[in-house]
Amino acid sequence: MKLITAVVKPHRLDEIKEALQAFGVQGLTVTEASGYGRQRGHTEVYRGAEYTVDLVPKVRIEVLVEDEDADDLVDVVVKAARTGKIGDGKVWSVPVETAVRVRTGERGPDAL
Amino acid sequence: MNGANTAFVLISAALVMLMTPGLAFFYGGMVRVKSALNMLMMSFISLGVVSLLWVLFGYSLTFGDDVGGGLLGNLDHIGFKGIDPTSLWGDKPDAIPVLAFALFQLMFAVITPALISGAVADRVKFGAWTLFITLWSTVVYFPVAHWVWQADGWLFKQEVIDFAGGTAVHINAGAAGLAVALVLGKRIGFKKDPMRPHNLPLVMLGSGLLWFGWFGFNAGSALAANGTAANMAFNTQVATGVAMLGWLAYERIRHGAFTTLGAASGAVAGLVAITPSGAAVNAWGAIVIGLVAGVVCSWAVSLKYKLGYDDSLDVVGVHLVGGLIGTLLVGVLATDGVGGMTQLGKQALGAFTVLLYSFAVSWILAKLIHVTIGFRASEDDELGGLDQAFHAETAYDFSAVGGSPRSTVPAAGQAGASAPQKPHNKKVDA
């Protein structure tokens, strides 16, 4: 199993959810997040005092998938998240040792 | 008694009353989340404290007959002695009940100390603040208002024009704000940590309420429903609108954006500047005063970063500088034949006397409180937020977890079973 994590622009969330559903993903976890990449943040001005806001709002999406689907799913997320502008975010996958469905106790791929 | 004038002054008093909550929101939105309620309370408390002082001795010290030298009123009306609903203020046929006049003037006495609070946002003990405004009203506001507005007052006799409070309210509060900010020192993290306003819509709401209430403040100062009041109301609108444009233009050129805070601040700067001058100029004078106030005040707020004092919410840049602009420009722009160098000299005398008196006495009062009971909040309270420390509240509930009601609210029939936790500063920390 793999855990796909995407940190992306909040307004792309709906697109990504729809693309994941179309792909057949059953469930996902979404967390509000903040961060920056190479572009850093933005500047705000209050009565002439300038503040550099480097942490900008993001959402973090996590999906558990079977190994053979992982690469395709990363592509699906990247395609749905892309706007072509700076700050589109990152997507990565990591191996997962165990997953358990809390309600039934099913383990491994059955738990997805 | 003149019924039309009485109705107008009573309505104006209510309009001016709304300015203090308006100011509370104007300031409250500009501070960080953790001290938003404290900022609102520093204005609100003035509604209580000064209303009481006004009845006890404030009205008498301000508008009682002079005790000599034009410096202070006597104690004839202490506790509102001798004033009842039939007592009249002013000459017939324009006279209004003393109670209407006293209520209107009370609202000025309420908002002036509240204005100071913006300079010391985020770092004072609430109890010490309440003591400060009690003392400040007594030894600074009441005497200065007597100098400027009472027929026996020494600045009134010098023919200083201050129609609605450029000296007594704005220069007075601005100079006091600077003095107290200097005594208290800078907020922890000043010029280092971001201290962005937590809620600009509140700031806009507050400035809108101020603008609205200011019609009562300015036009009501005519104490009659007449042409002077109409001229003042009209000029209030024009100067305020133009000041907003001036501030925004300056910001666009200097910083590349038309900011919301700039629009709100520019409007307030215009309101401040037109306050002393609006009755003595025409609409074109109002445009000039508004434009100068918008641009110069916008520049002036950056002084604190250059000079290194921490006037948290720019009371000096907006009220002191705006008050000086309006008070001095009236000497140049007055259209009823009084304008000119002589009048400019009189205006400068009034403006700088009030500035120096207020600065010196406010500094002494603040220092006195600072070295006796302590004026400044503890470092922990300042960092953790004054709302929790002094009011046992938080402005907004952001948390999705924790804060179970079972842990704090006594169940029915078990009153006091588990009382709300006391704010930590209630502990003896000697």
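Up top you'll find the structure we're talking about.
First, a word on scope: everything that follows refers to the structure included in this document. (Residues numbered from 1 in each chain as written. Chains lettered and ligands numbered in written order. Predicted model: local features only at pLDDT ≥ 70, side-chain atom pairs only at ≥ 80, totals over all residues. Heavy atoms only, no water.)

### A word on the overall build of chain B
Counted only if it meets this: Starting at the N terminus, helices and strands are each numbered in turn, a helix being any DSSP run of H or I of at least four residues and a strand any DSSP run of E of at least two. With C-alpha atoms as the basis for the radius of gyration, the globule rule is written as 2.2 Å multiplied by the number of residues raised to the power 0.38. A simple rule labels every residue: compare its accessible area, found with a 1.4 Å probe on the protein chains alone, to the largest value its type can have, and call it buried under 20%, exposed over 50%, or partly exposed in between. Contacts are assigned to residue pairs with any non-hydrogen atoms lying within 4.5 Å of each other. Residue-level accessible areas treat just the shown protein chains as cover; the underlying method is Shrake-Rupley with a 1.4 Å probe. Only four residue types enter the tally: Lys and Arg on the positive side, Asp and Glu on the negative side, with His and both chain ends excluded. In plain terms, the charge of a residue is placed at NZ if it is Lys, CZ if Arg, CG if Asp and CD if Glu.
Looking only at helices and strands, chain B features 15 helices and two strands. Relative to its length of 430 residues, chain B is compact, with a C-alpha radius of gyration of 22 Å against a globular reference of 22 Å. With respect to the three principal axes, the spread of C-alpha positions in chain B is 70 × 55 × 40 Å. Across the 430 residues that make up chain B, the buried fraction comes to 55%. A separation threshold of at least 6 residues defines the contact pool for chain B, and within that pool the share at least 24 residues apart is 77%. Entry remark: accessible area of chain B is about 17200 Å², with carbon and sulfur atoms responsible for 66%. Positive and negative side-chain charges in chain B, numbering 23 and 24 respectively, have mean positions lying 10 Å apart.

### Some points on the pattern of salt bridges
Oppositely charged side chains can form a pair if their charged atoms are brought close together. For the record, the criterion: For this document, the term salt bridge refers to a Lys or Arg side-chain nitrogen within 4 Å of an Asp or Glu carboxyl oxygen.
Scanning the model with the defined rule gives eleven salt bridges over all chains in all. Residue D314 of chain B is joined to R47 of chain A by a salt bridge in which the shortest nitrogen-to-oxygen separation is 3.0 Å. Taken together, the positions of D314 of chain B in the loop between α11 (303-307) and α12 (315-333) and R47 of chain A in the loop between β3 (42-46) and β4 (49-53) put the pair across two chains. The buried category is assigned to R47 of chain A, whose relative accessible area is 7%. Each of R47 of chain A together with K304 and D314 of chain B takes part in one network of salt bridges that share partners.

### Overview of the side chain of T236 of chain B
Residue and element names in this part refer to chain B. The criterion, for reference: Each polar contact in these results corresponds to two N or O atoms within 3.5 Å; when the atoms are within protein, one needs to be able to donate a hydrogen and the other to accept it, and residues that are neighboring in sequence are counted only if both atoms are side-chain atoms.
By the secondary structure assignment, T236 is in helix α8 (residues 227-255). For T236, a relative accessible area of 0% corresponds to the buried category. Engagement of the side chain of T236 in a polar contact is seen with the backbone oxygen of M232, the distance being 2.6 Å. Apart from residues lying up to four places away in sequence, T236 is in contact with F215, N218, L271 and I274.

### Observations concerning the packing of aromatic side chains
Residues and elements named next belong to chain B. Going by this rule: In summary, the pairing rule links any two rings of Phe, Tyr or Trp, Trp by its six-membered ring, whose centres are within 6.5 Å, and it sorts them by plane angle into stacked for under 30 degrees, edge-to-face for over 60 and tilted for everything else.
If you walk through the whole model with that rule in mind, you get 22 aromatic pairs over all chains. When the ring of F108 is compared with that of W149, the centres are 5.7 Å apart and the planes differ by 90°; the resulting orientation is edge-to-face. Of the two residues, F108 sits in helix α3 (residues 98-116) while W149 sits in helix α4 (residues 126-149), which places them 41 residues apart along the sequence. In this structure, F108 and W149 share a single accessibility class: buried. Residues F190 and Y305 carry aromatic rings whose centres are separated by 5.9 Å and whose planes lie at 10° to one another, so their mutual orientation is stacked. A residue pair is termed long-range when its members are at least 10 positions apart, and F190 in the loop between α6 (166-184) and α7 (200-219) and Y305 in helix α11 qualify at 115 residues.

### Some details on the side chain of Q150 of chain B
All names here are of chain B. Note that Q150 resides in the loop between α4 and α5 (154-157). Take Q150: its relative accessible area is 7%, and that puts it in the buried class. At 2.9 Å, the side chain of Q150 and the backbone nitrogen of D152 are in polar contact. Not counting chain neighbours up to four residues away, the residues in contact with Q150 comprise T62, F63, G64, A145 and F156.

### Describing the sheet that holds strand β6 (residues 89-95) of chain A
All names here are of chain A. The following threshold applies: Here, any two strands with at least 2 DSSP bridges between them count as paired. Every axis corresponds to a line fitted to the C-alpha atoms, with the helix fit spanning only the stretch in contact, and the corresponding angles, defined between N-to-C directions, vary from 0 to 180 degrees.
Across the sheet, which stays open at both edges, the four strands sit in the order β2-β5-β1-β6 with antiparallel pairing between neighbours. The two strands at the open ends of the sheet, each matched to only one other strand, are β2 (29-35) and β6. On average, each strand axis in the sheet is tilted by 20° relative to the strand beside it, whichever way the strands run. The pairing of strand β1 (residues 2-8) with β6 spans seven bridges and is antiparallel. Residue pairing for β6: V7 is matched across the bridge by K90. Its contacts with the sheet put helix α2 (residues 67-81) on β1, β5 (56-65) and β6, and the angle it makes with β1 is roughly 10°.

### So, a nonpolar patch on the surface
For the record, the criterion: For patch building, the residue pool is restricted to those with more than 30% relative accessible area and no salt bridge; the joining distance is 9 Å between like charges and 5 Å between nonpolar side chains (Val, Leu, Ile, Met, Phe, Trp, Tyr).
Taken together, V33, Y396 and F398 of chain B make up a surface patch of nonpolar side chains, about 300 Å² in accessible area. Relative to the elements of secondary structure, V33 of chain B occurs in the loop between α1 (3-28) and α2 (36-63).

### Overview of the interface of chain A and chain B
Rules: Two parts lose some accessible area (1.4 Å probe) when they are put together, and adding that loss for both gives the buried area. Gly counts as polar in this scheme, as do all residues outside two lists: the nonpolar Ala, Val, Leu, Ile, Met, Phe, Trp, Tyr, Cys and Pro, and the charged Asp, Glu, Lys and Arg.
Between chain A and chain B, the contact holds nine residues from the first and 18 residues from the second. Carbon and sulfur atoms supply 59% of the area buried between chain A and chain B, which totals about 1100 Å² over both sides. At the boundary of chain A and chain B, one finds two salt bridges. Our count for the contact surface shared by chain A and chain B stands at four residue pairs in polar contact (both at pLDDT 80 or more). Among the secondary structure elements, those contributing two or more residues to the side of chain A that touches chain B are β3 and β4 of chain A. Ranked by residue count, the leading element in the side of chain A that touches chain B is β4 of chain A, at four residues. Residues that form the side of chain A that touches chain B fall into these classes: five nonpolar, one polar and three charged.

### Some points on the nonpolar core
As a rule of thumb, nonpolar side chains are buried together in soluble globular proteins. Let me state the cut-off plainly: We call a set of buried residues a nonpolar core when its members are Ala, Val, Leu, Ile, Met, Phe, Trp, Tyr or Cys and they connect through side-chain atoms within 4.5 Å of each other.
One finds F132 and F375 of chain B to be the most contacted residues of the largest nonpolar core, which totals 120 residues. Apart from residues lying up to four places away in sequence, F132 of chain B is in contact with I116, V180, S362, L365, A366, I369 and F375 of chain B.

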